[in-house]
Amino acid sequence: MLNYIIRRVLYAIPILIGVNLITFTLFFVVNTPDDMARMQLGIKRVTPEAIAKWKQERGYDKPLMFSSSDEGFAKLTNTIFFEKSAAMFAFRFGRADDGRDIAYEIKSRMVPSLAIALPVFLLGLGVYIVFALIMVFFRATYVDFWGVVLCVALMSISSLFYIIAGQFLISKLWHLVPISGYGQGLDAAKFLVLPVIIGVISGAGANTRWYRTLFLEEMGKDYVRTARAKGLPESIVLFGHVLRNAMIPILTGAVVVIPLLFLGSLIAESFFGIPGLGSYTIDAINSQDFAVVRAMVFLGSLLYIVGLILTDISYTLVDPRIRLE
Amino acid sequence: MKAAVFTEPLKPSSLSPLARATVPLHDRIHETGRAIPRCLEYLLVILTALMCACSGPWNNPYPESDTGKNILYGAFAERPKHLDPVQSYSSNEILITAQIYEPPLQYHYLKRPYELIPASAAKMPIVEYFDEKGTRLPDNARDEQIAYTIYEISIMPGIRFQPHPAFAKDQQGEFLYHRLPEKELADIHKLGDFPHTDSRELTAEDYVFQIKRLAHPRLHSPIFGLMSDYIAGLKEYAETLRAADEAQLKEQGRDAYLDLNNYPLAGAETVDRYTYRVKINGKYPQFKYWLAMPFFAPIPWEAERFYNQKGLAEKNINLDWYPLGTGPYMLTENDPNRVMVLEKNPNFHGETYPSEGMPGDGQAGLLGDAGAPLPFIDKVIYSRERESIPRWNKFLQGYYDASNIGSDSFDQAVQLTGQGEATVTEAMQEQGIRLETAVATSTNYMGFNMLDPVVGGVGKQGREAARKLRQAISIAVDYEEYVSIFANGRGVPAQGPIAPGIAGHREGKEGINPVVYDWVDGRPRRKPIEAARKLLAEAGYPDGMDAKTGAPLVLYFDVTTRGTEDKSSLDWMRKQFRKLNIQLVVRNTDYNRFQDKIRKGNAQIFEWGWNADYPDPENFLFLLYGPQRKVGNEGENAANYSNPEYNRLFDRMKNMENGPKRQQIIDRMITILRHDSPWLWGYHPKEYGLYHAWYGNIKANRLSNNNVKYFRIDAGMREQKRSEWNKPVLWPAIAGLIVLVASMIPAVVVYRRRERGAGITSTTTEIHMS
């Protein structure tokens, strides 16, 4: 397994370089270093000298990807792309365009992001599986029919609607929890109730249907019939046998997102005032802060690759027949 | 997945013995049946416990310990980029910086037109003019005679900086934290981690030090370009500092400290401990307004020395994150992702509430605190609120003390009386919310690029035709309608570039733009569209067709990328041009490309705006001054308009004191502008603010930002209202729970029935199938 993991880690390097290259190209197609300087220096009374100085200080005065004036290897290394990308692989994210330390920001914002994403993930997984199994248990009855209808209805509604409706009903009309905000330590709990509930509900439709499909597929298999023939109660058949055998597709979807939970949610964090990494990314895009965008995309790609490796490892845990070679 | 290899067939996980699975079946069903009401019981117990535990409203986003305290609650949408006074220039930043830094001057809180008064200065600056030989000139000397101006500013003795570790000294009198070893730095993560703080008296040297910082090579002061034209020697000073910095960087590396005290600046020097002088090239009367901005607030050299230590910047411990001032408040918590907290500066030198204002201020209760010591509020908490919906709802719940009004909530908040006056709706009145309105010192306009051959014209005849075309469009685009539809009436159609409340602006009949309006029944009335059509025909486009080619007239409107919500306003704009049979093509682009087009002169018609820096007509009229044009000069004249007579008059007007002579020149300049119509004058936005009943001493003031010290909060009333408005409503949750439980009962019954008959059913099925 170790060889397999080492090989996957090595595969990740060209992928990360590619992601960096694409991010870099896309970003600089839309924003020039001059645009970035203007964004940081403000709209009023910005002189060309100030822009030149800003670019020079941050290394944005160099050629983007190829320096024709340099010799040899420096043609590639004395460029914005190389200088800004190489440090990423050593996890040196540098400073945001407004001068603030990106690593510090990521560290401090990871906890609030996780504070929402982790409960939503765990609670959601449990709730979706239970609901899917109930629907499977009552398959071809009114419970299953209306359950599917409800799932389709839930899937059809935008997540923004859940947020606004949730804030309106639970916070504004019923005054049960704060509309938005975040606190330190245990104080954070009252702010997390609503986003977690909304997070779970907004994902319920698609996930429950998906799990229902998986379970229904398993229900037709021989081992289920054998289990029933032995007289096992349906709850044992569902939770003990069907669920266990449907774990591989569930894990494929679930484990891969675990590392990405650190990155938070773009919309929910914005609406609920959670100072997480999702809102950090949104702010960076709005302020054309390439340093932060690049760091977050890099981190996202890296975590995704980690997620995929973890998924592979998790297969071996739930299915002893699988070997990673 | 290539690497995953199946090594043996998948078996059903039937490892549990049959007996173990079947025997407890009944018990399990029994437990399942009981579990539901038990859950309900638990929930009710938890809910009751919660109700008992929370004495206040459940949805209170603030800690219980803050209840009843003299705290002002506000919100901010965008995190401030800079809190260093030399770099900060945005309106969201000055909300914070103006409360912390104290420049020598400030605006009178109540008086209008805006009046400068001393802040940390002991009196208003002494302004003296000199010729090239250094001979003192009389105050009425001609501009050409004046070689330089001296501003002598005396500050009040006894003012002290807020407590800060930069001032902390040991028993030997050495600074504790000016040479931090790396070992000590390891335990420092924020400014509060320094256990010792101290203060010292403010001196004139601190003001001079800040002026020097405008030229610091590692700082980007947005006003350096402007100030280097005026403050004697500032440009050369910047060169000196740059050379010194580069030399130091080579010798000592990136963390070298550039000590500005070693480099004197000719244009700023101290006279004595409490007096300093600023030398201005020529005459620049507007300099006094800059003295009321944080750019000229004092910064102690100790702060610069402290923050420039190796390792602190990496931890965001710098002046941009932790400001240091002498003002009424100090920033005690800076988490711009979540909250920024200002608390009373214990060393504030003291100031009293103004005892005079405008007629009506007394009646409005604005003079009730006359002579009372400032500030009234102990603490200010600004929470980050990115989205308008939660911000608005929290205001209605009493968790923010004031709010602006978004277009979504406008109808909910404001209604217009029969006389067209805006008031709050009945629902707002019931909550005791009141509305304050003020016309902003800014202007939103639509500009024509005068370099464009169609709207700017080429040759004498072409320019004349283009002028008539611009005038025709000025009449056709109905800004009264625009303000009514798209700004909910929150704006005043502009008659020229100068905003109301600024010297040079004229009201009434003499203030109207005769190119666009007639004075009818005591009010301006837009000219009929026929007048515009006539002008269009004279411009060579009868009925919107080019008289020479017969082709329809097509104009291009450059706008920044907008969402779907702006589609209606763009459609409306097309409709306005269609009145003249002109086809308006909207060229939509992102803001970067838009700015690029404006800089290169590639736009034809565009929208832009301007917020005044200070209450002087020069700050508006320079936007159309020839040498300020964007193309070639990178100035602020986006229309690239240049009229020799206007430019001459501007040169004369800019240095004059307000008075009839200056007004006469301004009138002539405005007449030229109206005639040439390089802009559609657009409108001056009107700002609407909503305030709760417990919020006192509010007078809208766009130019002075250090207003928090004047505000007053009735914390008792706020707590009472919050409790009243935010009583938890539990019945929907309980009803929902009951419905959920009720809906589960048939399922449980079916489950039990199935489980009992499972073996038989399965067997039957198997037999039947076989």
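What you see is a predicted model; the values in this text were computed from it and never measured.

(A) Representation of the overall build of chain B within the structure. Broken down by element type, chain B carries 23 helices and 28 strands. For the C-alpha atoms alone, the extent of chain B along its principal axes is close to 115 × 90 × 70 Å. Counting every position in chain B, which comprises 770 residues, the buried fraction comes to 52%. Roughly 35000 Å² of accessible area belongs to chain B as shown, and the carbon and sulfur atoms make up 53% of that amount.

(B) Just the sheet that holds strand S9 (residues 275-281) of chain B, in detail. Residues and elements named next belong to chain B. Read across the open sheet, the five strands follow the order S6-S5-S7-S9-S8; overall the sheet is antiparallel. Of all strands in the sheet, those bounded by a partner on one side alone are strand S6 (136-137) and strand S8 (268-272). Across five bridges, strand S5 (residues 126-130) lies against strand S7 (residues 148-154) in antiparallel orientation. Bridge pairing in S7 links Ile126 to Glu152. Relative to S8, helix H5 (residues 204-213) is tilted by about 175 degrees, and along the sheet it contacts S8 and S9.

(C) Representation of the packing of helix H8 (residues 159-173) of chain A against helix H9 (residues 189-219) of chain A. Residue and element names in this part refer to chain A. Following both chains from N to C, one finds H8 and H9 inclined at 140 degrees, their axes separated by 10 Å at the closest point. In terms of axis orientation, H8 runs oblique to H9. Where H8 crosses over H9, the two elements pack in a sense that is right-handed. In this structure, H8 contributes Ser159, Tyr162, Ile163, Gly166, Gln167, Ile170 and Ser171 to the contact, and H9 contributes Leu194, Ile198, Ile201 and Ser202.

(D) Expanded view of unusual backbone geometry. Residues and elements named next belong to chain B. Look at the link from Arg112 to Pro113: it is a cis peptide, with omega at 0 degrees. With respect to the secondary-structure elements, Pro113 resides in the loop between strand S3 (105-107) and strand S4 (116-118). Geometrically, the link from Leu374 to Pro375 is a cis peptide bond, its omega value of -5 degrees lying close to zero. Of note in the backbone geometry, Ser677 takes a positive phi value of approximately 45 degrees without being a glycine. Residue classification places Ser677 among the buried positions, given a relative accessible area of 2%. Although it is not a glycine, Asn697 adopts a positive phi angle of roughly 60 degrees. Here Asn697 is to be found in the loop between strand S27 (695-696) and strand S28 (712-713).

(E) A look at helix H1 (residues 2-30) of chain A. Residue and element names in this part refer to chain A. Here H1 contains 29 residues, and its C-alpha end-to-end distance of 42 Å stays within 8% of the 42 Å for a straight helix at 1.5 Å per residue. Residues of H1 that are buried include every one of Tyr4, Arg8, Ala12, Leu16, Asn20, Thr23, Phe24, Phe27 and Phe28, and no others. Where the residues of H1 are buried, they touch helix H2 (33-41), helix H5 (80-86), helix H15 (290-318) and strand S1 (322-324).

(F) How the structure looks around the pattern of salt bridges. Following the criterion strictly, the structure yields 56 salt bridges over all chains and no others. The partner of Arg242 of chain B in a salt bridge is Glu239 of chain B, with the nearest N and O atoms 3.1 Å apart. Taken as a pair, Arg242 of chain B and Glu239 of chain B lie in helix H7 (residues 234-252) at a separation of three residues, close to a single helical turn. Glu239 of chain B sits in the partly exposed class, given a relative accessible area of 45%. Residues Arg587 of chain B and Asp558 of chain B are paired through a salt bridge, measuring 3.1 Å at the closest nitrogen-oxygen approach. Here Arg587 of chain B is found in strand S24 (residues 583-589), whereas its partner Asp558 of chain B is found in strand S23 (residues 554-560), with 29 residues between them in sequence. A cluster of three or more residues bridged by salt bridges with shared partners is formed by Glu105 and Arg109 of chain A together with Arg79 of chain B.

(G) Up close: the pairing of S9 of chain B. All names here are of chain B. Of the pairings in the sheet, the one linking S7 to S9 comprises seven bridges and is antiparallel in character. Paired with Ser154 across the bridge in S9 is Thr275. Turn length for the S8-S9 hairpin, with the two strands adjacent in sequence and antiparallel, is two residues.

(H) Focus on the sheet that holds strand S14 (residues 379-384) of chain B. Residues and elements named next belong to chain B. Taken together, the four strands give an open sheet; going across it, the order is S2-S14-S11-S10, and neighbouring strands pair in mixed fashion. One side of each edge strand has no neighbouring strand; the edge strands of this open sheet are strand S2 (71-76) and strand S10 (329-335). Recorded for the sheet is a direction-independent mean angle of 20 degrees between the axes of neighbouring strands. With five bridges connecting them, strand S11 (residues 339-344) and S14 associate as antiparallel partners. Across the sheet, residue Val341 finds its bridge partner in S14, namely Ile381.

(I) Structural context of the interface of chain B and chain A. Across the contact, 86 residues belong to chain B and 83 residues belong to chain A. Across the interface of chain B and chain A, roughly 7300 Å² is buried in total on both sides, 50% from carbon and sulfur atoms. The largest contributions to the chain B side of the interface with chain A come from Lys81, His220 and Arg386 of chain B, which together make up 9% of the buried area. The interface formed by chain B and chain A includes four salt bridges. For the salt bridge of Asp35 of chain A with Arg593 of chain B, the shortest nitrogen-to-oxygen distance reads 2.9 Å. Here chain B is connected to chain A by 23 residue pairs in polar contact (both at pLDDT 80 or more). When residues of the side of chain B that touches chain A are traced back to their parent elements, those giving at least two are strand S1 (4-6), helix H1 (18-22), helix H2 (25-53), helix H6 (224-230), helix H10 (388-396), helix H17 (591-600), strand S25 (605-611) and helix H23 (731-769) of chain B. By residue number, the principal contributor to the side of chain B that touches chain A is H23 of chain B, which donates nine residues. Its residues placed into classes, the side of chain B that touches chain A shows 41 nonpolar, 21 polar and 24 charged.

(J) How the structure looks around the side chain of Gln309 of chain B. Residue and element names in this part refer to chain B. With respect to the helices, strands and loops of the structure, Gln309 is situated in the loop between helix H9 (301-307) and S10. We classify Gln309 as buried; its relative accessible area is 8%. Beyond its immediate sequence surroundings of up to four residues, Gln309 is in contact with Tyr177, His178, Arg179 and Leu180.

(K) Region of interest: the side chain of Arg490 of chain B. Residues and elements named next belong to chain B. Assignment of secondary structure puts Arg490 in the loop between helix H14 (479-486) and strand S20 (491-493). Buried within the structure, Arg490 lacks any salt-bridge partner; Asp411 is the closest side chain of opposite charge, at an N-O distance of 8.6 Å. Engagement of the side chain of Arg490 in a polar contact is seen with the backbone oxygen of Ile405, the distance being 2.6 Å. A polar side-chain atom of Arg490 sits 3.2 Å from a polar atom in the side chain of Asn488. For Arg490, the contacting residues outside a window of four places in its chain are Ile405, Gly406, Ser407, Phe410, Val483, Tyr683, Pro685, Lys686 and Tyr688.

(L) The arrangement of the environment of Thr77 of chain A in detail. Residue and element names in this part refer to chain A. Take Thr77: it is sitting in helix H4 (residues 74-77). For Thr77 and Phe66, which are eleven residues apart along the polypeptide, the C-alpha to C-alpha distance reads 8.1 Å. In contact with Thr77, other than residues within four places in its own chain, are Phe82 and Glu83.

(M) Quick peek at the packing of aromatic side chains. Residue and element names in this part refer to chain B. According to the stated counting rule, one finds 52 aromatic pairs over all chains in the structure shown. Pairing Tyr482 with Phe486 gives two aromatic rings, centres 5.1 Å apart and planes at 45 degrees, and the pair type is tilted. With a gap of four residues between them, Tyr482 and Phe486 both fall in helix H14, about one helical turn apart. Judged by relative accessible area, which is 12%, Tyr482 ranks as buried. Arranged with centres 6.4 Å apart and planes meeting at 90 degrees, the rings of Phe606 and Trp608 form a pair that is edge-to-face. What makes Phe606 buried here is its relative accessible area of 0%.

(N) Geometry of helix H3 (residues 48-58) of chain A. All names here are of chain A. Three or more residues of H3 are buried, namely Ile51, Trp54 and Lys55. Seen end-on, H3 carries its buried residues on one side only, within an arc spanning 95 degrees. Away from the buried face of H3 by more than 90 degrees, exposed residues Glu49 and Gln56 are located. Residues of H3 that are buried make contact with H2. One or two positions beyond H3, positive phi appears at Gly59, with a value near 75 degrees.

So, how was this worked out
- Residues numbered from 1 in each chain as written.
- Chains lettered and ligands numbered in written order.
- Predicted model: local features only at pLDDT ≥ 70, side-chain atom pairs only at ≥ 80, totals over all residues.
- Heavy atoms only, no water.
- Helix = DSSP H or I, 4+ residues; strand = E, 2+ residues; numbered from the N terminus.
- Buried < 20%, exposed > 50% of the residue type's maximum accessible area, 1.4 Å probe, protein only.
- Areas by Shrake-Rupley, 256 points an atom, 1.4 Å probe, with all protein chains shown as cover.
- Pairing = 2+ DSSP bridges.
- Contact = heavy atoms within 4.5 Å.
- Axes fitted to C-alpha atoms, helices over the stretch in contact; angles between N-to-C directions.
- Parallel < 35°, antiparallel > 145°, perpendicular 65-115°, else oblique.
- Left-handed = near helix turned anticlockwise from the far one by under 90°.
- Expected span 1.5 Å × (residues − 1).
- Salt bridge = Lys/Arg side-chain N within 4 Å of Asp/Glu carboxyl O.
- Buried area = accessible area lost by both parts, 1.4 Å probe.
- Polar contact = N/O pair within 3.5 Å; in protein donor to acceptor, adjacent residues only side chain to side chain.
- Nonpolar A, V, L, I, M, F, W, Y, C, P; charged D, E, K, R; others polar.
- Lys, Arg positive; Asp, Glu negative; His and termini not counted.
- Phe/Tyr/Trp six-rings, centres within 6.5 Å; stacked < 30°, edge-to-face > 60°.
- Arc of directions from axis to C-beta.

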